[in-house]
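Structure at a glance
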Amino acid sequence: MAVTDFLAASDVTLAINACKAKDSFSPKTFFKTVGLSKKSPKEIERVFKILDQDKSGFIEQDELQLFLQNFAKGARPLTAAETRAFLMEGDSDGDGKIGWEEFSALVKST
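By convention here, each chain's residues receive numbers from 1 onward along its written sequence. Only residues with pLDDT of at least 70 get local features here, since the model is predicted, and only at 80 or more are side-chain atom pairs given and counted; chain-wide, interface and lining totals rely on the full set of residues. Side-chain numbers here rest on the full set of heavy atoms in the structure, without hydrogens or water.

An unreviewed UniProt entry annotates the chain as Parvalbumin originating from Scophthalmus maximus.

Observations concerning the pattern of salt bridges
Within this document, salt bridges are pairs made up of a side-chain nitrogen of Lys or Arg and a carboxyl oxygen of Asp or Glu, the two lying within 4 Å of each other. Following the criterion strictly, the structure yields three salt bridges and no others. Glu82 serves as the salt-bridge partner of Arg76, at 2.7 Å between the closest nitrogen and oxygen.

What to know about the UniProt feature "domain: EF-hand" (unreviewed entry) in the chain
UniProt positions are given in the numbering used here, feature names are shortened, and annotations may be inferred rather than shown by experiment. According to UniProt, the positions carrying the feature "domain: EF-hand" (unreviewed entry) are residues 39-74 and 78-110. Secondary structure elements are taken from DSSP: a helix is a run of H or I of four residues or more, a strand is a run of E of two residues or more, and numbering for both begins at the N terminus. Between the end C-alpha atoms of residues 39-74 there is a gap of 25 Å, over a span that is 44% helix and 6% strand. Counted over residues 78-110, helix gives 61% and strand 6%. Its end C-alpha atoms are 20 Å apart.

Side note on the packing of helix α3 (residues 41-51) against helix α6 (residues 100-108)
Contact pair α3 / α6: the axes reach a minimum separation of 10 Å and the direction vectors enclose 120°. One way to sum up the angle between α3 and α6 is to call them oblique. For the pair α3 and α6, the crossing hand works out as right-handed. Within the contact between the two elements, α3 uses Pro41, Ile44, Glu45, Val47, Phe48 and Leu51 and α6 uses Trp100, Phe103, Ser104, Val107 and Lys108. In terms of residue class, the contact of α3 with α6 is built from eight nonpolar, one polar and two charged. Axes here refer to lines fitted to C-alpha atoms; in helices the fit is confined to the stretch in contact. Angles between the N-to-C directions go from 0 to 180 degrees. Orientation is classified from the angle alone, with under 35 degrees giving roughly parallel, over 145 giving roughly antiparallel, 65 to 115 giving roughly perpendicular, and any other angle giving oblique. Take the far helix as your reference; a near helix turned counterclockwise from it by less than a right angle gives a left-handed crossing, and one turned clockwise gives a right-handed crossing. Any two residues having at least one pair of non-hydrogen atoms within 4.5 Å are treated as being in contact. Just so you know the grouping, Ala, Val, Leu, Ile, Met, Phe, Trp, Tyr, Cys and Pro go in nonpolar, Asp, Glu, Lys and Arg go in charged, and all remaining residues, Gly too, go in polar.

So this is what it looks like as structure tokens:
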């Protein structure tokens, strides 16, 4: 399953291109640009499961670093600062990872 199965490839390309420069990534802007914030909870959950590479039920820091690459081959990894900021923004319970409910809330807050 690929994210382009339920997100428009043109929106994904636009979002990837908008954050090509290092330290320019914003999760909320990205989610809005790819149209994820307008998707159903089931579709958001599908994206979460793609991002949860190790199937632990959480998106951890190492998975966040590769976030953009889940949307487009050849996309850059997030910088350490972007990864930390993304984790801080999405980790509402402070456990150092982003669970399904936290991810859904972050996506819907855009």
